[in-house]
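Spelled out from the first residue to the last, the chains are:
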Amino acid sequence: LLLLLLLLDLLLLEWNLHTGLTGPLPEEMSELATLEHFYASFNSLSTPPGSTQPLAGRFCKYSTTRLYSLILRANSFTGTVNMSHCEGLGLLDVQDNRFYGHLPIGITNQGLISLRATNNMFNTSIPEALWRLPQLATLEMANNALTGTLSPFMGTVNNLVNLRLGNNSLRGTIPGNVTTNSQMLLLELYDNPLLHGTLPDVSKMVGIRTLDLRNTSLSGSIPEALGTLPYLERVDISMTQMRCCRNQSQADALAAHGIHRLLPTFLRFNNRLQLFDTVRNTAGSEVDLDRSTDLL
């Protein structure tokens, strides 16, 4: 307590990288009225006994706009978390804990740039309010238990460049406007087997580097525009129902666009086309090249 009182005018408090902190955050944290940045990743901080809200009352008591960075990755927190009252929050990282319930932000976090909450147990739908945060650039929520559909407002966040929603329980289709974001660098929706429909037009995703759609129920043809995206380095459509083409000429057309350079080996075109099981992504027996079928 004495130490915290001596730090009342502190702007940054950093306890990162295995400094050995254990137990709950002290209630006196709320007295750090000038605190702007708090880093305490890779420790063993935990939830107070008998509580389900380990961060409640610790931050933004005197000012809702002062705290900008809250980085609590890889601790032992469990329970729910709500930082919507910290309206000045720009960076929030609670990865690798055991938080559950609703997401930790709300419409009041208008300045939020990055929310990283991968590897938790959040078990709610993604609120519409999240897609109305104008500064949001990074949303990483992979490996949780998120439910519901993907909002059509996803594509209206113009600054969004990193979107990681893999390994959840999302369902429905991919909104068409998601793939119109020319600034997006990374889109990961893998391991959401209830996502279905077709992949929207990707021709405007000129900045995309990684597109991971594996283990979804997406169907339809592999878009030729994939071969025209100048920075695309990795695309994974394994374990989907997407198909290549109906005949050799269509396969040649896709190859001419350079798509064969982007796909994994088992999807690349060769001179002896094989029947392809797009559900399990395993090559089957060779087929007659003149036969009209789904070929890779």
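Definitions and cut-offs
- Residues numbered from 1 in each chain as written.
- Predicted model: local features only at pLDDT ≥ 70, side-chain atom pairs only at ≥ 80, totals over all residues.
- Heavy atoms only, no water.
- Helix = DSSP H or I, 4+ residues; strand = E, 2+ residues; numbered from the N terminus.
- Buried < 20%, exposed > 50% of the residue type's maximum accessible area, 1.4 Å probe, protein only.
- Contact = heavy atoms within 4.5 Å.
- Areas by Shrake-Rupley, 256 points an atom, 1.4 Å probe, with all protein chains shown as cover.
- Core = buried A, V, L, I, M, F, W, Y, C linked by side-chain atoms within 4.5 Å.
- Pairing = 2+ DSSP bridges.
- Disulfide = S-S within 2.5 Å.
- Salt bridge = Lys/Arg side-chain N within 4 Å of Asp/Glu carboxyl O.

S.K.: Honestly, the overall build of the chain in this entry has me stumped. Any pointers?
M.R.: The number of helices and strands found in the chain is two helices and 21 strands. Buried positions account for 48% of the 296 residues belonging to the chain. Nonlocal contacts in the chain, meaning residues at least 24 apart in sequence, comprise 47% of its contacts between residues at least 6 apart. For the chain, the accessible area works out to roughly 13,500 Å², and carbon and sulfur atoms hold 51% of it.

S.K.: For this particular structure, what's the right way to read the nonpolar core?
M.R.: Nonpolar side chains in soluble globular proteins generally cluster together in the buried interior. Judged by nonpolar contacts, the single largest core of 64 residues is most densely connected at Phe59, Leu70 and Leu165. For phenylalanine 59, the contacting residues outside a window of four places in its chain are Leu25, Met29, Leu35, Phe38, Leu67, Leu70, Met83, His85 and Cys86.

S.K.: Please explain the sheet that holds strand E6 (residues 78-79) as it appears in this structure.
M.R.: Strands sit in the order E6-E8-E10 across an open sheet of three strands; the sheet is parallel. The outermost strands of the open sheet, each flanked by one partner alone, are E6 and strand E10 (121-122). Alignment of strand E8 (residues 98-101) against E10, held across two bridges, turns out to be parallel. For tyrosine 100, the partnering residue across the bridge sits in E10 and is methionine 121.

S.K.: Would you take a moment to explain unusual backbone geometry for this structure?
M.R.: The phi angle of most residues is negative, glycine excepted, and most peptide bonds adopt the trans form. In the Ramachandran plot, phenylalanine 42 falls in the positive-phi region, its phi being about 60° despite a non-glycine side chain. Examined against the element boundaries, phenylalanine 42 turns out to sit in the loop between strand E3 (37-39) and strand E4 (44-45). A residue is classified by how much of its surface remains accessible, and phenylalanine 42, at 30% relative accessible area, is partly exposed. In this structure, asparagine 119 takes a positive phi of about 60° despite not being glycine. For asparagine 119, the location among the structural elements is in the loop between strand E9 (114-116) and E10.

S.K.: Is there a simple way to explain the sheet that holds strand E15 (residues 194-198) in this structure?
M.R.: Strands in a sheet are paired, the pairing made by backbone hydrogen bonds, and the direction either parallel or antiparallel. Here four strands make up an open sheet; going across it, the order is E13-E15-E17-E19 and the pairing parallel. On the outer flanks of this sheet lie strand E13 (171-172) and strand E19 (241-243), each paired with one strand and no other. One ladder, built from three bridges, connects E15 with strand E17 (residues 217-221); its direction is parallel. The residue bridging glycine 197 from the neighbouring strand is leucine 218, located in E17.

S.K.: Mind showing me how you'd approach the state of the cysteines here?
M.R.: By definition, a disulfide is the covalent link that joins the sulfur atoms of two cysteine residues. One pass over the full model with this rule turns up one disulfide. Two residues share a disulfide in this structure: cysteine 60 and cysteine 86, whose sulfurs sit 2.0 Å from each other. Here cysteine 60 and cysteine 86 share a disulfide; its torsion about the S-S bond, 120°, makes the bridge right-handed. Placement of the pair is cysteine 60 in the loop between E4 and strand E5 (69-71) and cysteine 86 in the loop between E6 and strand E7 (91-93), with a sequence separation of 26 residues. Accessibility assignment for this pair places cysteine 60 and cysteine 86 in one class, buried.

S.K.: Is there a simple way to explain the pattern of salt bridges in this structure?
M.R.: As a working rule, side chains carrying opposite charge can pair if their charged atoms are close by. A complete count under the given rule lists eleven salt bridges for this structure. The residue aspartate 96 makes a salt bridge to arginine 73 at a minimum N-O spacing of 2.9 Å. Here arginine 73 lies in the loop between E5 and E6 and aspartate 96 lies in the loop between E7 and E8, a separation of 23 residues in the sequence. Relative accessible area serves as the criterion here: at 30%, arginine 73 is assigned to the partly exposed category. Among the salt bridges present, the one from aspartate 236 reaches arginine 214, with a minimum N-O distance of 3.5 Å. With a gap of 22 residues between them, aspartate 236 in strand E18 (residues 234-236) and arginine 214 in the loop between strand E16 (210-212) and E17 connect regions that are remote in the sequence. Judged by its relative accessible area of 23%, arginine 214 falls in the partly exposed class.

S.K.: Just checking my understanding: could you explain the side chain of aspartate 93 for this structure?
M.R.: Within the secondary structure, aspartate 93 is located in strand E7. Each residue touching aspartate 93, except ones within four places of it in the same chain, is listed here: Leu70, Ile71, Leu72, Arg73 and Arg116.

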